[in-house]
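Residues per chain, in single letters:
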Amino acid sequence: MSNIFSLTIKVSKEDIDTLHHVNNLVYVKWMDDIATKHYAFLTKDNPLPQYVWVVTKHEIDYKNQAILGDEITVKTWVGETKGITSVRFMEFYKKEILLVKAKTTWAMLASKTLKPARIRENVLKVLQPPK
């Protein structure tokens, strides 16, 4: 898939919980970070300051563990986008091992009013570049 955006994360001491693996809340924070970075990448040539995004739903499957020092590759891409919502997928890998698989539904709001805004062609072109 050509529209995949990926980043690498090195697990630090702050990411580890009392069970000596990456805490579930850390994955949610990483999900927000990579979504923000991917959106910034997509909009670098066509900023859309008139809109903001909020999460309406997370679906997360924790498959395997990561521990201190692990290098994790996060892959994300935008899925179905219609109405006021856009779905984002993420996968976290340690080498070829799938650690976490997630699907997040985002709602687009008008930045001035914070009311839902319908996703129009100008936004679709940015979120779903040609394949």
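What counts, and where the lines are drawn
- Residues numbered from 1 in each chain as written.
- Predicted model: local features only at pLDDT ≥ 70, side-chain atom pairs only at ≥ 80, totals over all residues.
- Heavy atoms only, no water.
- Helix = DSSP H or I, 4+ residues; strand = E, 2+ residues; numbered from the N terminus.
- Polar contact = N/O pair within 3.5 Å; in protein donor to acceptor, adjacent residues only side chain to side chain.
- Contact = heavy atoms within 4.5 Å.
- Buried < 20%, exposed > 50% of the residue type's maximum accessible area, 1.4 Å probe, protein only.
- Phe/Tyr/Trp six-rings, centres within 6.5 Å; stacked < 30°, edge-to-face > 60°.
- Lys NZ or Arg CZ within 6 Å of the ring centre and 35° of its normal.
- Expected span 1.5 Å × (residues − 1).
- Salt bridge = Lys/Arg side-chain N within 4 Å of Asp/Glu carboxyl O.

## Topic: the side chain of Asp17
In this fold, Asp17 is placed in the loop between β1 (5-10) and α1 (24-42). Within polar-contact distance, the side chain of Asp17 engages the backbone nitrogen of Leu19 at 2.9 Å. Once residues lying within four places of it in the same chain are set aside, the contact partners of Asp17 are Val22 and Asn23.

## Looking at unusual backbone geometry
A positive phi angle is found at His20, which is not glycine, with a value near 65°. When you line up the elements, His20 lands in the loop between β1 and α1. Classification of His20 by relative accessible area gives exposed; the value is 60%. Positive phi values are uncommon outside glycine, yet Leu114 reaches one of about 60°. Its place among the elements puts Leu114 in the loop between β5 (97-110) and α2 (121-127).

## Description of the packing of aromatic side chains
In total, this model carries seven aromatic pairs according to the counting rule given. Judged by centre distance (5.4 Å) and plane angle (35°), the ring pair of Phe5 and Phe41 falls under tilted. With Phe5 in strand β1 and Phe41 in helix α1, this residue pair connects regions lying 36 residues apart in the sequence. For Phe41, a relative accessible area of 41% gives the class partly exposed. By way of ring pairs, the aromatic residues Tyr27, Trp30, Tyr62 and Phe92 are connected into one cluster. Cation over ring: Lys44 sits above Phe41, and NZ or CZ is 4.0 Å from the ring centre. Above the ring of Tyr93, the side-chain terminus of Lys75 is found at 5.0 Å from the ring centroid.

## Focus: α1
A rise of 1.5 Å per residue sets the reference length of α1, with its 19 residues, at 27 Å; its end C-alpha atoms lie 27 Å apart and thus fit the reference within 8%. Listing the buried residues of α1 in full gives Val26, Tyr27, Trp30, Met31, Ile34, Ala35, His38, Tyr39 and Leu42. Close packing links the buried residues of α1 with β1, β2 (51-62), β3 (71-82), β4 (85-94), β5 and α2. Residue Asn23 occupies the N-cap position of α1, its side-chain oxygen lying 2.7 Å from the main-chain nitrogen of Leu25.

## Examining the pattern of salt bridges
Evaluated as defined, the whole model comprises four salt bridges. Asp33 serves as the salt-bridge partner of Lys29, at 2.9 Å between the closest nitrogen and oxygen. Taken as a pair, Lys29 and Asp33 lie in helix α1 at a separation of four residues, close to a single helical turn. Given the relative accessible area of 47%, Lys29 is considered partly exposed. Its relative accessible area of 27% is what places Asp33 among the partly exposed residues. For Lys57, the salt bridge identified is with Glu59, shortest N-O distance 3.5 Å.

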